[in-house]
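Architecture at a glance
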Amino acid sequence: MKVSIIGQGYVGLTISLFAADHHDVIGFDKNQTVVDALNQGKSHIEGVESSNLARLVASGRYKATTDASQIADSDVVVIAVPTPLTKDRKPDLAFVEAACQTIGENLKSPALIINESTSFPGTVRNLIKPEIEKFSGGSIQHQYAVSPERVDPGRTDWNQKNTPRLYAGLTPEASKAVREFYSTFCDNLVEVSSPEVAESAKLFENTFRQVNIALVNEFAQIAHALGISVYETLDAAATKPYGFMKFMPSAGVGGHCIPVDPSYLAHTAAGLGVPATFIERANEVNLEMAKYVVDRVKADNGGSLQGKKVQVVGVAYKPNVADVRETPAEPVIEELKHAGASVTWSDDLVSSWMGQASSPLGGSDIAIVVTLHAITDSQAVLASAPYVFDTTGKVKGAHSL
Ligand SMILES: NC(=O)c1ccc[n+]([C@@H]2O[C@H](COP(=O)([O-])OP(=O)(O)OC[C@H]3O[C@@H](n4cnc5c(N)ncnc54)[C@H](O)[C@@H]3O)[C@@H](O)[C@H]2O)c1
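Residues numbered from 1 in each chain as written. Predicted model: local features only at pLDDT ≥ 70, side-chain atom pairs only at ≥ 80, totals over all residues. Heavy atoms only, no water.

A few points about the overall build of the protein
Our working definition: Secondary structure counts use DSSP, requiring at least four H or I residues in a row for a helix and at least two E residues in a row for a strand, with both numbered from the N terminus. When we talk radius of gyration, it's over C-alpha atoms, and the globule rule is simply 2.2 Å times the number of residues to the 0.38. Think of it in three bands: residues with accessible area under 20% of the maximum for their type are buried, residues over 50% are exposed, and the middle band is partly exposed, with areas taken using a 1.4 Å probe on protein chains only. By the convention used here, residues are in contact when the closest approach between their heavy atoms is within 4.5 Å. All accessibility values rest on the Shrake-Rupley procedure with a 1.4 Å probe; residue burial counts only the protein chains present in the view. Just so you know, the count uses Lys and Arg for positive and Asp and Glu for negative, and it drops His and the chain ends. Just so you know, the charge point we use is NZ for Lys, CZ for Arg, CG for Asp and CD for Glu.
For the protein, the count of helices and strands is 12 helices and 15 strands. Here the protein has a C-alpha radius of gyration of 23 Å; the compact-globule value for 401 residues is 21 Å, and the two agree. Oriented by its inertia axes, the alpha-carbon framework of the protein measures out at about 70 × 50 × 40 Å. Classification of the 401 residues of the protein by burial places 50% in the buried group. Considering only contacts in the protein between residues 6 or more positions apart, those separated by 24 or more positions represent 69%. Entry remark: accessible area of the protein is about 17,800 Å², with carbon and sulfur atoms responsible for 55%. Of the side chains in the protein, 34 bear a positive and 45 a negative charge, and the two mean positions are spaced by 1 Å.

Details of helix α7 (residues 195-226)
To be explicit about the condition: Helix span is expected to be 1.5 Å times the residue number reduced by one.
For α7, built from 32 residues, the straight-helix expectation of 46 Å at 1.5 Å per residue is met to within 8% by its first-to-last C-alpha distance of 46 Å. Once α7 ends, the next one or two residues include glycine 227, with phi positive near 80 degrees.

Considerations on the nonpolar core
Short version of the rule: Within this scheme, the nonpolar core is defined by two criteria: the residues are buried Ala, Val, Leu, Ile, Met, Phe, Trp, Tyr or Cys, and they are joined through side-chain atoms within 4.5 Å.
The biggest cluster of nonpolar side chains holds 38 residues, and the ones touching the most others in it are Leu305, Val312, Val332 and Leu336. Breaking this core down by element, the ones donating at least two residues are α7, α8 (230-237), α10 (277-300), β9 (309-313), α11 (329-338), β10 (342-346), β13 (366-369) and β14 (387-390). Of all the elements, α10 adds the most residues to this core, at six residues. Dropping the residues within four chain positions of it, leucine 336 is found in contact with Val294, Leu305, Val310, Val312, Ala341, Val343 and Ile368. With 35 residues, the next largest nonpolar core counts Ile79, Ala111, Phe120 and Val260 among its residues.

Examining unusual backbone geometry
Look at arginine 89: it is not a glycine, yet its phi comes out positive at around 60 degrees. Within the element layout of this structure, arginine 89 appears in the loop between β4 (76-79) and α4 (94-106). Judged by relative accessible area, arginine 89 falls into the partly exposed class, the value being 29%. Even without a glycine there, the phi angle at glutamate 326 is positive, about 55 degrees.

Digging into the sheet that holds β10
Stated formally: A pair of strands is labelled paired if DSSP reports no fewer than 2 bridges between them. Axis definition: a line fit to C-alpha positions, over the contact stretch in the case of helices; interaxial angles, taken between N-to-C directions, run 0 to 180 degrees.
Across the sheet, five strands lie side by side as β10-β9-β13-β14-β15; this open sheet has parallel pairing. Here the strands that pair on one side only, and so sit at the sheet edges, are β10 and β15 (399-400). Each of β13, β14 and β15 is contacted by α10, which is oriented at about 155 degrees to β14, the strand it contacts most.

Considering empty space enclosed by the protein
Let me state the cut-off plainly: Only protein atoms enter the 1 Å grid, on which a cavity is a set of points fitting a 1.4 Å probe that cannot get out and a pocket is an open set with protein on both sides within 12 Å along at least 5 of 7 lines, lining residues being those with an atom within 4 Å of a point. Grid points are joined across faces, edges and corners, and a volume is the space filled by probe spheres set on the points. Classification used: nonpolar for Ala, Val, Leu, Ile, Met, Phe, Trp, Tyr, Cys and Pro, charged for Asp, Glu, Lys and Arg, polar for all others including Gly.
Evaluation of the coordinates by the stated rule reveals one cavity of 30 Å³ or more. Considering only enclosed or pocket space, the largest cavity measures out at about 50 Å³ in volume. Split by residue class, the lining of the largest cavity holds three nonpolar, three polar and three charged.

Brief notes about the pattern of salt bridges
Which entries qualify depends on this criterion: Salt bridges are defined by distance alone: a side-chain nitrogen of Lys or Arg within 4 Å of a carboxyl oxygen of Asp or Glu.
This structure, assessed with the given rule, holds 20 salt bridges. Note that lysine 246 is salt-bridged to aspartate 235, the shortest N-O span being 2.5 Å. Taken together, the positions of lysine 246 in the loop between α8 and α9 (261-272) and aspartate 235 in helix α8 put the pair 11 residues apart, joining distant regions of the chain. Judged by its relative accessible area of 43%, aspartate 235 falls in the partly exposed class. Within the structure, one salt-bridge network assembled from shared partners comprises Asp152, Arg155, Asp157 and Lys318.

Observations regarding the packing of aromatic side chains
Quick note on the threshold: Whether two aromatic rings pair depends on their centres lying within 6.5 Å, for rings of Phe, Tyr and Trp, where Trp uses its six-membered ring; planes under 30 degrees apart make the pair stacked, over 60 edge-to-face, and the rest tilted.
For the structure shown, the criterion picks out six aromatic pairs. With 5.9 Å between their ring centres and 70 degrees between their planes, phenylalanine 208 and phenylalanine 247 make a pair best called edge-to-face. In this pair, phenylalanine 208 sits in helix α7 while phenylalanine 247 sits in the loop between α8 and α9, placing the two residues 39 residues apart along the sequence. Judged by relative accessible area, which is 13%, phenylalanine 247 ranks as buried. Taking the centre distance of 5.6 Å and the plane angle of 80 degrees together, the rings of tryptophan 345 and tryptophan 353 count as edge-to-face. Each of the two residues, tryptophan 345 as well as tryptophan 353, counts as buried.

Here we look at the sheet that holds strand β6 (residues 143-146)
Read from one edge of the open sheet, eight strands run β3-β2-β1-β4-β5-β6-β7-β8, paired in mixed fashion. Of all the strands in the sheet, just β3 (62-65) and β8 (189-191) have a single pairing partner and so form its edges. The sheet shows a mean angle of 25 degrees between the axes of neighbouring strands, direction not considered. Examined bridge by bridge, strand β2 (residues 24-28) and β3 share four bridges and lie parallel to one another. Within β3, the residue paired with valine 25 across the bridge is tyrosine 62. Together, β1 (2-6), β2, β4 and β5 (112-115) form the strand contacts of α4, whose direction differs from that of β4 by roughly 165 degrees.

Side note on the pairing of β9
For clarity, the cut-off: Here, the term right-handed applies to a crossover whose path from the first strand over the helix to the second runs clockwise when the strands point away from the viewer.
A large share of β9 lies buried, amounting to four of its five residues. Pairing between β9 and β10: five bridges, direction parallel. Counterpart to lysine 309 in the pairing with β10 is serine 342. Each parallel crossover has a hand, and the one from β9 via α11 to β10 is right-handed. The pairing of β9 with β13 spans four bridges and is classified as parallel.

Section: the site of the ligand
What counts here: Nearness of a residue to a molecule or strand requires only that one of the residue's heavy atoms be within 4 Å of it. Distance and chemistry together define a polar contact, namely a pair of N or O atoms within 3.5 Å, with one atom able to donate a hydrogen and the other to accept it when in protein, and with adjacent residues in sequence counting only for side-chain atoms on both sides.
Taken together, 26 residues sit near the ligand, with Tyr10, Val11, Asp29, Thr83 and Thr118 positioned nearest. Valine 81 is positioned with one of its backbone polar atoms (N or O) 3.4 Å from an oxygen atom of the ligand. In isolation the ligand offers 830 Å² of accessible surface; the protein chains occlude 91% of this area. Among the secondary structure elements, those contributing two or more residues to the shell around the ligand are α1 (10-20) and α4. Ranked by residues supplied to the shell around the ligand, first place goes to α4 with three residues. Considering only residue class, the shell around the ligand consists of 13 nonpolar, eight polar and five charged.

Below, the structure written as structure tokens:
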């Protein structure tokens, strides 16, 4: 099959390379720099090996392009573009709409169109299909389906091959076609009765994590007030062999999914007149963690951070990736600056961020660990400042949540 994948980021590139072992893949992206690097065999995504990319480029099975006309005769088109929030935390479908325009204007023969971008229920039926038909003039009959992506960048145990994949078509033919496509490189396909179920399941998976992270973040504050270790208490609770799942406290949530997707579900709930109080409160609790962390550091340091040199260690939103989208390091730094501190940051994987370069570890009065990568030496972090506050639970001997 000829497969075109719209968007060559974390999701699009990952799926492109799995597909390229079985199909001819066009990776369409509007970013020329990304496309040029991909065609030179250079991956910009953790977990996507440049050697594998280079092999598939050399074999002719994978090609990146900014030229939309190259998708014209595709059998399958996968949408994998960002679905962020607007400034007022409402779903922003502008990238999906732009992808639909590209598809509508350039796809010249009937194809299977699959959405992998995370969005609210009804997106494939009520937005993607009508948008594509608007730009194609409606003369070509495509099949439409959804298969939400579950990739966890940087993870090696669960991948495209062994992670169960949900799918549903708008029609039985679309469901059959989507199964045939993914079964070429995915072992476990789970059909659900409608695209809305698949879309909602994806949102609920990430909302489950968001709410449980907020719960443990709230519990960390209770445990501290009680004078007990949150980590020891969680370990104790986790000895129960059923009915408990351990989540870890942190400086907040980051990335493109956990802080974002639940707001898509809340948006749907609001439209239906149903309250989404857990989601909204969980979001607040996670956002409040930055202030809580800085308040704790302040309390341990004589009640003021005015003029103190503070280094934030680890600004990626999670360990072992260079992704800084929605990183909790940002509100932590804002809170520190608000408290009058002079702030630097150090990250072994992020070389520059917010117009600033990563600084070498050390040279500050206080270090606050937001993210600890496996390659970062925790004992070097502990030795990097006279006072170290660790939000990860991994720096032994540091002050902690
Ligand atoms: N990153 C994850 O871990 C993850 C996991 C599961 C689901 N998702 C979902 O997958 C979707 C994509 O996320 P991502 O992390 O891959 O995003 P990303 O930012 O890494 O990549 C998106 C790519 O799409 C390109 N792009 C944007 N608009 C385009 C357009 N109109 N035409 C062509 N290319 C365009 C961008 O240049 C970028 O390279 C989102 O809906 C996200 O919620 C992400």
